[in-house]
Amino acid sequence: MSPRGRPRAFDREHALTQAMLVFWERGYDGASLAELTEAMGIKPPSLYAAFGDKETLFREAIEHYQSVYGQYTMRALTEESTARAAVEAMLRDNARAYVEPGHPKGCMVVLAATNCTQANASVWEFLAASRDNVRRQLRERLRRGVEDGDLAATVDTDALSALYATVFYGLTMQARDGVSLDSLMTVIDLALSLWPENGGGAASTVDTVDTAPSAP
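Residues numbered from 1 in each chain as written. Predicted model: local features only at pLDDT ≥ 70, side-chain atom pairs only at ≥ 80, totals over all residues. Heavy atoms only, no water.

Colleague: How do you make sense of the side chain of Thr73 when you look at a structure like this?
Modeller: Its location among the elements puts Thr73 in helix H5 (residues 71–79). A distance of 3.0 Å separates polar atoms of two side chains, one belonging to Thr73 and the other to Asn94. The contacts of Thr73, once residues within four sequence positions are left out, are Met90, Asn94, Val134 and Phe168. (Helix = DSSP H or I, 4+ residues; strand = E, 2+ residues; numbered from the N terminus. Polar contact = N/O pair within 3.5 Å; in protein donor to acceptor, adjacent residues only side chain to side chain. Contact = heavy atoms within 4.5 Å.)

Listed below in structure tokens is the structure:
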């Protein structure tokens, strides 16, 4: 049961979304308390009462980001029928999301803490662990491709997953720098051309640039 007391005079989810956008654009260290509270439409005491300290707010903002924008990767890795189709969907769906209007460019999990002060090392470690989880799931999907027969048993799945993880995280930096979606798709085309020739499995059915990504 919620504690009795005066109800909050703001929409908590809306405030969290606004905080997410500030962190996404400015990064953890770059986002000041004044910028956060102004965007959220609240005073510092309300922020602390509703969200705790700045790091707790940031972690919740990351969770909110992942629930809204972070589903493309997991959908691709769990729902596509072949390993190649999974990698292609992961790259293309995220590339589209990185450049769509209405929010900062690129991936918040990559960009929000590229550099942190030593005092905020826990924030960097938190995001690094999240990125490492994606790399792990990508490796597992490629290994399942070997088990399913759409990747040859001779394929070095660790090296192949490292390649596509590097492309995946590189796309977000390109998007933040203003590179067009067409250019990002050209990079993806080239990366996919490196897929092992004897991989087997059906040809990818992932749509081309003009198709909107699946809903998270």
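Colleague: Looking at this structure, I do not really get empty space enclosed by the protein. What am I missing?
Modeller: Rolled over the atoms, a probe sized like a water molecule indicates the empty space that remains. By the definition in use, this model includes 1 cavity of 30 Å³ or more. Volume-wise, the largest cavity comes out at about 40 Å³. Forming the walls of the largest cavity are Trp24, Tyr65, Tyr69, Tyr72, Asn94, Ala97, Tyr98, His103 and Gly106. Elements with a minimum of two residues in the lining of the largest cavity: helix H4 (54–69) and helix H6 (83–99). (1 Å grid on protein atoms, 1.4 Å probe; cavity = no way out; pocket = protein on both sides within 12 Å on 5 of 7 lines; lining within 4 Å. Points joined across faces, edges and corners; volume = space filled by probe spheres on them.)

Colleague: Looking at this model, I keep getting lost on the environment of Pro196. Mind explaining?
Modeller: Within the secondary structure layout, Pro196 lies in the segment after helix H10 (181–192). For the pair Pro196 and Arg84, spaced 112 residues apart in sequence, the C-alpha separation works out to 9.6 Å. Once residues lying within four places of it in the same chain are set aside, the contact partners of Pro196 are Leu151, Val155 and Leu160.

Colleague: I'm lost on the layout of surface pockets in this one. Help?
Modeller: Estimated volume of the largest pocket: approximately 280 Å³. Along the walls of the largest pocket sit 18 residues, with Gln66, Gly70, Thr73, Ser130 and Val134 positioned nearest its centre. Every element with two or more residues in the lining of the largest pocket is listed here: H4, H5, H6, helix H8 (121–148) and helix H9 (157–176). Examining the composition of the lining of the largest pocket, we find that 5 residues originate from one element, H8, more than from any other. A class-by-class count of the residues in the lining of the largest pocket yields 9 nonpolar, 8 polar and 1 charged. (Nonpolar A, V, L, I, M, F, W, Y, C, P; charged D, E, K, R; others polar.)

Colleague: Is there a simple way to think about the nonpolar core in this case?
Modeller: Generally speaking, nonpolar side chains in soluble globular proteins are found buried as a group. Among the nonpolar cores identified, the biggest contains 61 residues, and Phe23 and Met108 are the most heavily contacted of them. A total of 9 residues in this core trace back to one element, the largest contributor, which is H6. The residues contacting Phe23, other than those within four sequence positions of it, are Tyr28, Ala31, Leu36, Lys54, Leu57, Phe58, Ala61, Met108 and Ala112. (Core = buried A, V, L, I, M, F, W, Y, C linked by side-chain atoms within 4.5 Å. Buried < 20%, exposed > 50% of the residue type's maximum accessible area, 1.4 Å probe, protein only.)

Colleague: Just checking my understanding: could you explain the UniProt feature "DNA-binding region" (unreviewed entry) in the chain for this structure?
Modeller: Per the UniProt record, "DNA-binding region" (unreviewed entry) is found at residues 32–51. Measuring from the first to the last C-alpha atom of residues 32–51 gives 15 Å, for a span that is 80% helix and 0% strand. (UniProt positions renumbered as here; feature names shortened; annotations may be inferred.)

Colleague: So what exactly am I meant to see when it comes to the packing of helix H1 (residues 12–26) against helix H2 (residues 33–40) here?
Modeller: Geometrically, a packed helix pair is captured by the angle between its two axes and the distance between the axes. In contact at an axis separation of 8 Å, H1 and H2 are set at 140 degrees when each is read in the N-to-C sense. Put simply, H1 runs oblique to H2. Between H1 and H2 lies a crossing whose hand is right-handed. Contacts from Ala15, Gln18, Ala19, Val22, Phe23 and Arg26 in H1 reach Glu35, Leu36, Ala39 and Met40 in H2. Residues that form the contact of H1 with H2 fall into these classes: 7 nonpolar, 1 polar and 2 charged. (Axes fitted to C-alpha atoms, helices over the stretch in contact; angles between N-to-C directions. Parallel < 35°, antiparallel > 145°, perpendicular 65-115°, else oblique. Left-handed = near helix turned anticlockwise from the far one by under 90°.)

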